[in-house]
Each structure stands twice: as structure tokens, then as C-alpha cells.
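Notes for the structure review
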Amino acid sequence: SFDYRVVEVPRGNLLDPSCDAMILGHLPRGSEERWLAEQRPQRRLIVIDETVYKLYGDRVRVYFESRKVQHEILVLPMVEENKSME
């Protein structure tokens, strides 16, 4: 099992470069851990399926570039029967 934090973002704002949810949303605002993360360069591996990439890939790339986050986008062919948490 694993734990994760859910961060709500107003509709249409997730890929807005002013929104930091995909960069620091997993860290509580005001926490020392978040403050430390803000001081360091960030990097991310983005795993995205082909359909979502076709629809939003350019916006995802621009989001991370504008936030100056080193990133790599891994596009995977996915169909519903291949999707699993295991």
C-alpha cells in the first residue's frame, strides 16, 4: 500500500504556469520541507498515455519549461485493460 496527497486545483488551472500543484503540491504550504524544495532545482519524469499526450502534450511541456523544471516526458501506449495499480 502507499499513501498520497490529493491536491484540488480549480478547473482549467492545472497547466497554468502560475499553479505550482504539479511541482510542489505534494508538500504542505508553509512546511520546512516545501521551503527547502523551493530552494532547489526541480526535476520530474512525466508518464502520460498517448491520447492525453496528443491532447495536452504541448501544454504539459510548456508548463514545465516555464517553471524551469528539468523534465522528461515518457509517452506510453495505453488501453483500459492495461491500466492497473499493480
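Computed from a predicted structure; not experimentally measured.

Describing helix H3 (residues 50-66)
Over its 17 residues, H3 extends 23 Å from the first C-alpha to the last, a length consistent with the 24 Å expected when each residue adds 1.5 Å. Looking at the buried positions of H3, the neighbouring elements they touch are helix H1 (21-24), strand E1 (43-49) and strand E2 (70-76). Of the residues flanking the end of H3, it is Lys-68, one or two places downstream, whose phi is positive at about 60°.

Observations regarding the environment of Pro-17
Tracing the backbone through its elements, the reader meets Pro-17 in the segment before H1. For the pair Pro-17 and Ser-31, spaced 14 residues apart in sequence, the C-alpha to C-alpha distance is 22 Å. The contacts of Pro-17, once residues within four sequence positions are left out, are Tyr-63, Ser-66 and Arg-67.

A look at the pairing of E1
In terms of strand pairing, E1 meets E2 through seven bridges, oriented parallel. When the bridges of E2 are listed, Leu-45 appears paired with Glu-72. Tracing the backbone out of E1, into H3 and back to the parallel element E2 gives a crossover that is right-handed.

Focus: the pattern of salt bridges
Following the criterion strictly, the structure yields five salt bridges and no others. Here Glu-38 makes a salt bridge to Arg-34, at a shortest N to O gap of 3.5 Å. Residue Glu-38 and its partner Arg-34 are both found in helix H2 (residues 32-39); the two are separated by four residues, about one turn of the helix. What makes Glu-38 partly exposed here is its relative accessible area of 43%. Among the residues examined, Arg-34 registers a relative accessible area of 5% and is labelled buried. In this structure, Arg-61 and Asp-58 form a salt bridge, with 3.8 Å as the shortest nitrogen-oxygen distance. Highlighted residues: Arg-61 and Asp-58, both in helix H3, separated by three residues, approximately one helical turn. Residues participating in the shared-partner salt-bridge network are Asp-20, Arg-29, Arg-34 and Glu-38.

Considerations on the packing of aromatic side chains
Here the structure, examined in full by the defined rule, presents two aromatic pairs. On the numbers, 5.9 Å between centres and 40° between planes, the contact of Phe-2 with Tyr-4 is tilted. The residues Phe-2 and Tyr-4 share a single accessibility class, namely exposed. Between Tyr-63 and Phe-64, the ring centres sit 5.0 Å apart and the planes meet at 85°, which makes this aromatic pair edge-to-face. On the basis of relative accessibility, which here comes to 0%, the residue Tyr-63 falls in the buried class. For Phe-64, a relative accessible area of 3% puts it in the buried group.

Conventions used here
Residues numbered from 1 in each chain as written. Predicted model: local features only at pLDDT ≥ 70, side-chain atom pairs only at ≥ 80, totals over all residues. Heavy atoms only, no water. Helix = DSSP H or I, 4+ residues; strand = E, 2+ residues; numbered from the N terminus. Expected span 1.5 Å × (residues − 1). Contact = heavy atoms within 4.5 Å. Pairing = 2+ DSSP bridges. Right-handed = clockwise from strand over helix to strand, strands pointing away. Salt bridge = Lys/Arg side-chain N within 4 Å of Asp/Glu carboxyl O. Buried < 20%, exposed > 50% of the residue type's maximum accessible area, 1.4 Å probe, protein only. Phe/Tyr/Trp six-rings, centres within 6.5 Å; stacked < 30°, edge-to-face > 60°.

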